[in-house]
Amino acid sequence: MRIALFLITLICSLNASAKLNGFDIQPGNSYPKVQLITTYGSITVELDRRRAPITVSNFLWLTKNKEYDNTIFHRVIKNFVIQGGGVTDDMKQKSDKNRIVNESGNGLSNDYGTIAMAREMEPHTASRQFYFNVKAEGNANLNPNSSRWGYTVFGEVIEGMDILTKIMETPTGYDSSNGWQDVPLTKIYLKQAIILPE
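S.K.: Go over the overall build of the chain, please, and point to the residues and values.
M.R.: Counting its secondary structure elements, the chain contains 3 helices and 10 strands. For the chain, the sequential pattern of α-helices and β-strands runs α-β-β-α-β-β-β-β-β-α-β-β-β. Burial analysis of the chain (198 residues in total) assigns 47% to the buried set. In the chain, of all internal contacts separated by at least 6 residues, the share reaching a separation of at least 24 is 69%. Accessible area for the chain stands at about 9800 Å²; split by element, carbon and sulfur atoms hold 52% of it.

And the structure:
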């Protein structure tokens, strides 16, 4: 039953991704690169289309359509994760209607320096928000196992870990407007996301 449900979800997600025209972005490039220009400097990620084709397609589409530009990193937990991609500077969440299938069983782990998709408790609820793993020994608790879905890793940082370290050291607090914790006290912007040439 679970396998059948997964296959139905996969087909629906593939159709959704095709509608997003994500697969036509550098279609022959198995490892596209995206540069994220932040308040503190640039971070470059190399994505793994072979292991996470739907997730990478979605991320590239959002990047191409400037959906990540001028968002903030709204959740920073030292020695755990740095999360962003879906919140504006007035602390409003952007639409997450285009949800994608969970690809966490792809062989990629939540190791230090990887980028992965944030989601709700339900497994197939990732949309636009992503996070960086900044725990030195990795976040094995976010990987899938025989009894639960994990969080989809879809690439790794190839330049800019020093920038992530700076972001991780930023003081955080409680945001009373929405009840979020671990919010940087000074806004840290993702000014622009750019797909790098092949």
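That shown, we press on.
S.K.: So what's going on with the sheet that holds strand S3 (residues 71–77)? Which residues, and what values?
M.R.: Taken together, 8 strands build a closed barrel; the order of strands is S1-S2-S7-S5-S6-S4-S3-S10 and the barrel is antiparallel. Within the sheet, the average angular offset between the axes of one strand and its neighbour, ignoring direction, is 35°. Of the strand pairs in this sheet, S3 and strand S4 (residues 81–88) are connected by 5 bridges, and their pairing is antiparallel. By the bridge assignment, Ile 77 is partnered in S4 with Val 81. Here helix H2 (residues 53–64) sits on the sheet in contact with strand S1 (33–38), strand S2 (41–47), strand S5 (114–117), strand S6 (130–133), strand S7 (153–159) and strand S10 (189–195), set at roughly 110° to S10.

S.K.: Now, about the environment of Thr 172: what can you tell me, with residues and values included?
M.R.: Of note, Thr 172 is situated in strand S8 (residues 172–175). Spatially, the C-alpha atom of Thr 172 lies 5.0 Å from that of Val 183, the residues being 11 residues apart in sequence. Those residues in contact with Thr 172, other than ones at most four positions away along the chain, are Val 76, Asp 182, Val 183, Pro 184 and Leu 185.

S.K.: Lay out the packing of aromatic side chains with the relevant residues and their values.
M.R.: Under the counting rule described, the total for this entry stands at 7 aromatic pairs. Relative to Tyr 68, the ring of Phe 59 has its centre 5.1 Å away and its plane inclined at 40°; by these criteria the two rings are tilted. By the burial criterion, Phe 59 is buried, and Tyr 68 matches it. When the centroid spacing of 6.5 Å and the interplanar angle of 85° are considered together, the rings of Phe 73 and Phe 130 count as edge-to-face. Taken together, the residues span a long stretch of sequence, with Phe 73 in strand S3 and Phe 130 in strand S6 at a distance of 57 residues. Joined through ring pairs, the aromatic side chains of Phe 59, Tyr 68, Phe 73, Phe 130, Phe 132 and Phe 154 make up one cluster. A cation sits over an aromatic face here: Arg 119 above Tyr 151, 4.0 Å from the ring centre.

S.K.: Got a sec to walk through the pattern of salt bridges? Specific residues and values, please.
M.R.: In the structure shown here, the tally under the stated rule is 6 salt bridges. Linking Glu 46 and Lys 33 is a salt bridge whose minimum nitrogen-to-oxygen distance equals 3.3 Å. One end of the pair, Glu 46, is in strand S2; the other, Lys 33, is in strand S1, with 13 residues separating them in the sequence. Judged by its relative accessible area of 22%, Glu 46 is partly exposed. Using a relative accessible area of 31% as the deciding quantity, one classes Lys 33 as partly exposed. Residues Lys 78 and Glu 169 are paired through a salt bridge, measuring 3.2 Å at the closest nitrogen-oxygen approach.

What counts, and where the lines are drawn
Residues numbered from 1 in each chain as written. Predicted model: local features only at pLDDT ≥ 70, side-chain atom pairs only at ≥ 80, totals over all residues. Heavy atoms only, no water. Helix = DSSP H or I, 4+ residues; strand = E, 2+ residues; numbered from the N terminus. Buried < 20%, exposed > 50% of the residue type's maximum accessible area, 1.4 Å probe, protein only. Contact = heavy atoms within 4.5 Å. Areas by Shrake-Rupley, 256 points an atom, 1.4 Å probe, with all protein chains shown as cover. Pairing = 2+ DSSP bridges. Axes fitted to C-alpha atoms, helices over the stretch in contact; angles between N-to-C directions. Phe/Tyr/Trp six-rings, centres within 6.5 Å; stacked < 30°, edge-to-face > 60°. Lys NZ or Arg CZ within 6 Å of the ring centre and 35° of its normal. Salt bridge = Lys/Arg side-chain N within 4 Å of Asp/Glu carboxyl O.

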